[in-house]
Amino acid sequence: MSDGARGATHSESQPFERKPRIWVDADACPKVIKDILYRVADRVCINVVLVANQHLTVPGSPYIRAVQVAGGFDVADNHIVQECRAGDLVVTADIPLAAEVVDKNAAALNPRGERYTPENIRQRLNMRDFMDTMRASGVATGGPPPLSPADRQAFANQLDRWVAKLPCTDGL
């Protein structure tokens, strides 16, 4: 797993702290959101890791990589939860995944620009579970509306806010 520190040395008294990463739940992430993430990766030299259970083609950049996991329920989500660290950002519309990474002190952002936080994630999770119960009982709840230009702008703004809070290190 490359984190951009190849060739760097560190002593036992100064452990290497990797720069934060952006993890993307890529199976359902809209292309336009991935494109925003690709531009940010190269602009601020931050690693973006797209995780999916299908092959993904990503731009040739030292900061962008795709991880293909086995097919199956929550396999990509479980990989992200296992690999993300406090301070990382996870891009997902999956509220249970967002809840797990928020519990690990990672940031979570959905493709519409909504931040999931310790203050709001339980409410979002409860609403998601309620809607799931409604659908299971036969109530047609409909899906989310298409991603709008305002949603894309809200996502880009939240992403910029997260990037602006990163500690200044080499390459940032």
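Scoring rules and cut-offs
Residues numbered from 1 in each chain as written. Predicted model: local features only at pLDDT ≥ 70, side-chain atom pairs only at ≥ 80, totals over all residues. Heavy atoms only, no water. Axes fitted to C-alpha atoms, helices over the stretch in contact; angles between N-to-C directions. Helix = DSSP H or I, 4+ residues; strand = E, 2+ residues; numbered from the N terminus. Parallel < 35°, antiparallel > 145°, perpendicular 65-115°, else oblique. Contact = heavy atoms within 4.5 Å. Nonpolar A, V, L, I, M, F, W, Y, C, P; charged D, E, K, R; others polar. Left-handed = near helix turned anticlockwise from the far one by under 90°. Expected span 1.5 Å × (residues − 1). Buried < 20%, exposed > 50% of the residue type's maximum accessible area, 1.4 Å probe, protein only. Arc of directions from axis to C-beta. Salt bridge = Lys/Arg side-chain N within 4 Å of Asp/Glu carboxyl O.

Trainee: What am I meant to see in the packing of helix H2 (residues 75-83) against helix H3 (residues 95-103) here?
Mentor: Two packed helices can be described by the angle between their axes and the distance between those axes. It is the contact of H2 with H3, at a shortest axis distance of 9 Å, that shows an interaxial angle of 10°. Comparing the axis directions of H2 and H3 gives the class roughly parallel. Residues Asp-77, Ile-80 and Val-81 of H2 lie in contact with H3, whose contacting residues are Leu-97, Glu-100 and Val-101. Per-class residue counts for the contact of H2 with H3 are 4 nonpolar, no polar and 2 charged.

Trainee: What's the story with the packing of helix H1 (residues 31-44) against helix H5 (residues 149-164) in this structure? I'm lost.
Mentor: At a minimum axis distance of 11 Å, the contact between H1 and H5 shows a crossing angle of 25°. Taken together, H1 and H5 sit at an angle that is classed as roughly parallel. Read as a crossing pair, H1 and H5 show a hand that is right-handed. Touching Val-32, Ile-33, Ile-36, Leu-37, Val-40, Arg-43 and Val-44 of H1 are Arg-152, Phe-155, Ala-156, Leu-159, Asp-160 and Val-163, all from H5. Split into classes, the residues belonging to the contact of H1 with H5 amount to 10 nonpolar, no polar and 3 charged.

Trainee: Got a minute to help me understand H5 in this structure?
Mentor: The first and last C-alpha atoms of H5 sit 22 Å apart over 16 residues, in line with the 22 Å expected at 1.5 Å per residue. Among all positions in H5, only Asp-151, Phe-155, Ala-156, Gln-158, Leu-159, Trp-162 and Val-163 are buried. Buried residues along H5 cover an arc of 165° about the axis, so they all sit on one side. Opposite the buried face of H5, at more than 90 degrees from it, the exposed residues are Pro-149, Ala-150 and Ala-164.

Trainee: What's the story with the pattern of salt bridges in this structure? I'm lost.
Mentor: Pairing between side chains of opposite charge can happen when the charged atoms of each approach one another. The final tally for this structure, using the stated rule, is 3 salt bridges. With a closest N to O distance of 3.3 Å, Asp-160 and Arg-43 form a salt bridge. Here Asp-160 is found in helix H5, whereas its partner Arg-43 is found in helix H1, with 117 residues between them in sequence. Given the relative accessible area of 35%, Asp-160 is considered partly exposed. When its relative accessible area of 52% is taken as the criterion, Arg-43 is described as exposed. Between Arg-112 and Asp-151 there is a salt bridge whose closest N-O contact spans 2.7 Å. Of the two residues, Arg-112 sits in the loop between strand E5 (107-109) and strand E6 (115-116) while Asp-151 sits in helix H5, which places them 39 residues apart along the sequence. By relative accessible area, which is 28% here, Arg-112 ends up partly exposed.

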